[in-house]
Amino acid sequence: MSTSVNVAELKNELTELIEAANDLESLEETRVKVLGKKGRLTDVMKTLGGMDPETRKEMGQALNVLKNDITETLEQRTKRLKDEALKARLENEKADITLSTRPERQGHLHPITQTMDEIAAIFAEMGFTLEEGPDIEDDFHNFTALNFPQGHPAREMHDTFYLPDDPTAEGEAAKKLLRTHTSTVQIRSMLKRKPPLKVLAMGRTYRSDYDMTHTPMFHQCEGLVIDKNTHMGHLKGCLLEFAKKFFEVDELPMQFRPSFFPFTEPSAEVDIGCSRKDGGLTIGAGDSWLEVLGCGMVHPNVIKNCGLDPDEYQGFAFGLGIERLAMLKFGIPDLRTFFEGDVRWIDHYGFNPVERL
Ligand code: PHE
């Protein structure tokens, strides 16, 4: 029996075996071949018993060091192979996040949301920026600043929902109400920013009314342009451009009918052309008219109430009902159905959130 073993050579041999294993499975086989009960290193260790005490002591120590080294080499190789396997898996395995949800689970956008997005996109292209105001307003922003005198019958026409007075405020600011129109945002914009202004506001409005064409909560869109040389021609051009884009028609007759709003002078109601045949309605050139919005040149008193000089600044404003536009564009016959929360209705009239616009 040989009395000594070349430890360095043995180390090289075993290390090469380990390095040659290219996957975790063959590495495990190698581990058994080296460290197992009948493994190469175990065999060599068994020869220690036949050595003389001096050599045995020396070789014993050297082989223990070798065993530790080889164990560590095996561990490192295992880690490398595991890392490589993971990397290869991550490269090949891709999560398909494009899979659509189950059809019966698909939510829809409400036609109001869709209409507001379409309106905002059209006016944004014309350079309008979005502005906001609160639903809970006060008498000053909803009426007084908009040139509704105290006791004026126009106030009564709004069927206002009044809230309890705010004890922390005084005068008109203490008289709380749910805004009856988005014209409140005209005042907020003029008080907040310096002209030139070109703003659009959209949101909920409230009036105590309920029938086929009225709900106590509805949505309005308000536009306001204030500059030094703004005139009614700008107003008409702006609204015509909007209506043609919104209703997706190239030719659209439009007429302005004189009207009254306390905050605009002159004021007008705007009709667009349409034809009605066999109970159907088509927007565009035709023999009939359809009212779509109210507008006018901002009243000098309103400009003054916001701290601006009406001799220097003029502008126009318009307000439109979002439900009304949605009903016309998407053929929805009854306003009340918008807010009944019937899933079948939203499945029918709603929009796919991914494919819209
Ligand atoms: N605020 C008016 C309404 O609710 C609409 C409007 C807005 C009219 C702006 C003129 C200018 O009826």
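What you are looking at is a predicted structure, and each value in this text was computed from that prediction instead of being measured.

1. Some details on the overall build of the protein
Scanning the protein from N- to C-terminus turns up 12 helices and 10 strands. For the protein, the C-alpha radius of gyration of 40 Å lies well beyond 21 Å, the compact-globule estimate for 357 residues. When its C-alpha atoms are laid out on the principal axes, the protein stretches across 120 × 55 × 40 Å. The proportion of buried residues among the 357 residues of the protein is 40%. Expressed as a percentage of contacts within the protein between residues at least 6 apart in sequence, the contacts between residues at least 24 apart total 65%. For the protein, the exposed surface amounts to about 20,500 Å²; the carbon and sulfur share of it is 53%. Taken as two groups, the 43 positive and 59 negative side-chain charges of the protein have centres that lie 6 Å from each other.

2. Looking at the pattern of salt bridges
On inspection of all chains with the given rule, the structure shows 23 salt bridges. Across the salt bridge formed by E13 and R40, the nearest N and O atoms sit 2.9 Å from each other. Within this pair, whereas E13 is found in helix 1 (residues 7–20), its partner R40 is found in helix 3 (residues 40–46), the two being separated by 27 residues in sequence. Overall, R40 belongs to the partly exposed group, its relative accessible area being 34%. One network of salt bridges, in which partners are shared, links R257, E269, D271 and E291.

3. Some words on empty space enclosed by the protein
Over the atoms rolls a probe the size of a water molecule, and in doing so it shows where empty space is left. One pass over the full model with this rule turns up one cavity of 30 Å³ or more. In this structure, the largest cavity is lined by F242, A243, F247, V292, L293, L320 and L325. Listed by contribution, the elements that provide at least two residues to the lining of the largest cavity are helix 9 (232–247) and strand 9 (288–298). For the lining of the largest cavity, the leading source of residues is helix 9, giving three residues. Its residues placed into classes, the lining of the largest cavity shows seven nonpolar, no polar and no charged.

4. Notes on the domain arrangement of the protein
Each domain of the protein was delimited in the assignment, giving domain 1 (7–92) and domain 2 (111–349). Inter-centroid distance (C-alpha atoms) of domain 1 to domain 2 is 82 Å.

5. What about the state of the cysteines?
All told, the structure shown has zero disulfides when counted by the stated rule. Unpaired in terms of disulfides, C221 finds its nearest cysteine sulfur in C238, a separation of 10 Å. With no disulfide of its own, C238 has C295 as its nearest cysteine by sulfur position, at a separation of 9.8 Å. On the accessibility criterion, C238 (9% relative accessible area) is buried.

Procedures and definitions
- Residues numbered from 1 in each chain as written.
- Predicted model: local features only at pLDDT ≥ 70, side-chain atom pairs only at ≥ 80, totals over all residues.
- Heavy atoms only, no water.
- Helix = DSSP H or I, 4+ residues; strand = E, 2+ residues; numbered from the N terminus.
- Rg over C-alpha atoms; globule rule 2.2 N^0.38 Å.
- Buried < 20%, exposed > 50% of the residue type's maximum accessible area, 1.4 Å probe, protein only.
- Contact = heavy atoms within 4.5 Å.
- Areas by Shrake-Rupley, 256 points an atom, 1.4 Å probe, with all protein chains shown as cover.
- Lys, Arg positive; Asp, Glu negative; His and termini not counted.
- Charge placed at Lys NZ, Arg CZ, Asp CG, Glu CD.
- Salt bridge = Lys/Arg side-chain N within 4 Å of Asp/Glu carboxyl O.
- 1 Å grid on protein atoms, 1.4 Å probe; cavity = no way out; pocket = protein on both sides within 12 Å on 5 of 7 lines; lining within 4 Å.
- Points joined across faces, edges and corners; volume = space filled by probe spheres on them.
- Nonpolar A, V, L, I, M, F, W, Y, C, P; charged D, E, K, R; others polar.
- Domains from an automatic or database assignment.
- Disulfide = S-S within 2.5 Å.

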